[in-house]
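Fold and contact review
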Amino acid sequence: FTVKELKVLHSILQTDTEDMWDRVMAGATLCAVYSRSRWSDIQHAESMEADPSQWDPIFLEFKVLDHKTKRANAWSEGFLPAVAVAHGVTLDNWAATWLVVRSSIGGSIADGFPLMPAPGMDDEPTKRPLTSEEMGKWVRMLFERHNIDLNGKKITSHSCKCTLLSYMAKFGCDIPTREILGGHVSHLKSVLTYSRDSLAGPLRELEKCLQAIRSMC
């Protein structure tokens, strides 16, 4: 995703007049982007914690057990730590807004619902996770509706994982930092344990990158 495209998602999430499900979708996509997650992984989050509080979070931490790299298992107990920063390419705290919007549709993660549930015929959330293909089509529709030219550009669920890693490469962040933030850590088993402590330094570097983007926009 480009910065311009991310800003559209932020705007949809923050605008009260937008359709509620579109706002939930925009926020779920930002969750995946800012946690550098594969869509299929973040959809299997078993818990979500807002730190330090749900009213003014700095991070959203997801505990993902069923993920693509689980066999590498650099994280103890096999859990993948997916930690999203609450301040991205815009000044708003997107995470605080998304927590409110997400709760308004019901179907919490704690009750076994996916991060982004597929809406049912009655407009209620179901326990069926929105697929990667459905995610791509929905986000593309949102962009086109908001006059984003997608001619020749393919929007896929992989865009969520690679966006910030690409930004950080351009920002000059070193490879180990980007590998840890991207979950590519099978060769680092001896120095990593499952905890946000392992991500603290890399997350600070990510925040510096996003702050630089905000200052230029």
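When you go through the chain residue by residue, the secondary structure sums to 8 helices and 5 strands. Scanning the chain from its N terminus toward the C terminus, one meets helices and strands in the order α-α-α-β-β-β-α-β-β-α-α-α-α. Put simply, the chain has 217 residues, and 51% of those count as buried. Residue pairs at least 24 apart in sequence account for 62% of intrachain contacts in the chain once pairs closer than 6 positions are excluded. Accessible surface computed for the chain: about 10400 Å², of which carbon and sulfur atoms make up 52%.

Positionally, histidine 10 belongs in helix H1 (residues 3–14). On the accessibility criterion, histidine 10 (2% relative accessible area) is buried. Side chain to side chain, histidine 10 and tyrosine 34 meet in a polar contact 2.8 Å long. Discounting chain neighbours no more than four positions away, the residues touching histidine 10 are Leu30, Tyr34, Val89, Thr90, Asp92 and Trp94.

This brings us to the packing of aromatic side chains. Evaluation of the coordinates by the stated rule reveals 2 aromatic pairs. In this structure, lysine 127 is placed above the aromatic ring of phenylalanine 113, and the distance from its NZ or CZ to the ring centre is 5.3 Å.

The next thing to look at is the nonpolar core. Residues Tyr34, Phe62, Trp94 and Trp98 are the most contacted members of the largest nonpolar core, which totals 63 residues. Per element, the largest residue contribution to this core is 10 residues, and it comes from helix H2 (residues 20–34). Setting aside residues up to four positions removed in sequence, tyrosine 34 forms contacts with Leu6, His10, Val83, Ala84, Val85, Gly88, Val89, Trp94, Leu164, Leu206 and Leu210.

Further remarks concern the packing of H2 against helix H5 (residues 132–145). Where H2 meets H5, the axes come as close as 11 Å, and the angle between the chain directions of the two elements is 110°. Considering their axes alone, H2 and H5 lie roughly perpendicular with respect to each other. In the packing of H2 onto H5, the handedness of the crossing is left-handed. Contact residues: H2 offers Trp21, Asp22, Met25 and Thr29, while H5 offers Met135, Trp138, Val139, Met141, Leu142 and Arg145.

Here we take up the pattern of salt bridges. Tallied over the entire structure, the rule returns 8 salt bridges. Here glutamate 5 and lysine 153 are joined by a salt bridge, their closest N and O atoms 2.7 Å apart. Here the residue glutamate 5 occupies a position in helix H1, and lysine 153 occupies one in the loop between H5 and helix H6 (158–171), the gap between them amounting to 148 residues. Exposure remark for glutamate 5: the relative accessible area of 4% places this residue in the buried category. The shortest N-O distance in the salt bridge between arginine 128 and glutamate 134 comes to 3.1 Å. You can call glutamate 134 partly exposed: its relative accessible area is 28%.

Let us look at the pairing of strand S3 (residues 80–85). Most of S3 sits out of view: 6 of its 6 residues are buried. Side chains of S3 alternate between two faces, with Leu80, Ala82 and Ala84 and Pro81, Val83 and Val85 buried alike. For strand S2 (residues 59–64) and S3, the ladder comprises 6 bridges, and the chain directions are antiparallel. Residue pairing for S3: leucine 60 is matched across the bridge by alanine 84.

Moving on to the sheet that holds strand S1 (residues 45–51). Strand order across the open sheet formed by 3 strands is S1-S2-S3, with antiparallel pairing between neighbours. The sheet is open, and its two borders are formed by S1 and S3, each paired with just one other strand. For this sheet the average axis-to-axis angle between neighbouring strands, irrespective of direction, equals 20°. Along the sheet face, H2 touches S2 and S3 and points at about 115° away from the line of S3. Together, S1, S2 and S3 form the strand contacts of helix H4 (residues 94–105), whose direction differs from that of S2 by roughly 60°.

Taken together, the side chains of Asp19, Asp122, Asp123 and Glu124 present a region of like negative charge at the surface. Within the fold, glutamate 124 resides in the loop between strand S4 (117–119) and strand S5 (125–129). By relative accessible area, which is 44% here, glutamate 124 ends up partly exposed.

The rules behind the values
- Residues numbered from 1 in each chain as written.
- Predicted model: local features only at pLDDT ≥ 70, side-chain atom pairs only at ≥ 80, totals over all residues.
- Heavy atoms only, no water.
- Helix = DSSP H or I, 4+ residues; strand = E, 2+ residues; numbered from the N terminus.
- Buried < 20%, exposed > 50% of the residue type's maximum accessible area, 1.4 Å probe, protein only.
- Contact = heavy atoms within 4.5 Å.
- Areas by Shrake-Rupley, 256 points an atom, 1.4 Å probe, with all protein chains shown as cover.
- Polar contact = N/O pair within 3.5 Å; in protein donor to acceptor, adjacent residues only side chain to side chain.
- Phe/Tyr/Trp six-rings, centres within 6.5 Å; stacked < 30°, edge-to-face > 60°.
- Lys NZ or Arg CZ within 6 Å of the ring centre and 35° of its normal.
- Core = buried A, V, L, I, M, F, W, Y, C linked by side-chain atoms within 4.5 Å.
- Axes fitted to C-alpha atoms, helices over the stretch in contact; angles between N-to-C directions.
- Parallel < 35°, antiparallel > 145°, perpendicular 65-115°, else oblique.
- Left-handed = near helix turned anticlockwise from the far one by under 90°.
- Salt bridge = Lys/Arg side-chain N within 4 Å of Asp/Glu carboxyl O.
- Pairing = 2+ DSSP bridges.
- Patch = residues over 30% accessible without salt bridge, like charges linked within 9 Å, V, L, I, M, F, W, Y side chains within 5 Å.
- Lys, Arg positive; Asp, Glu negative; His and termini not counted.
- Charge placed at Lys NZ, Arg CZ, Asp CG, Glu CD.

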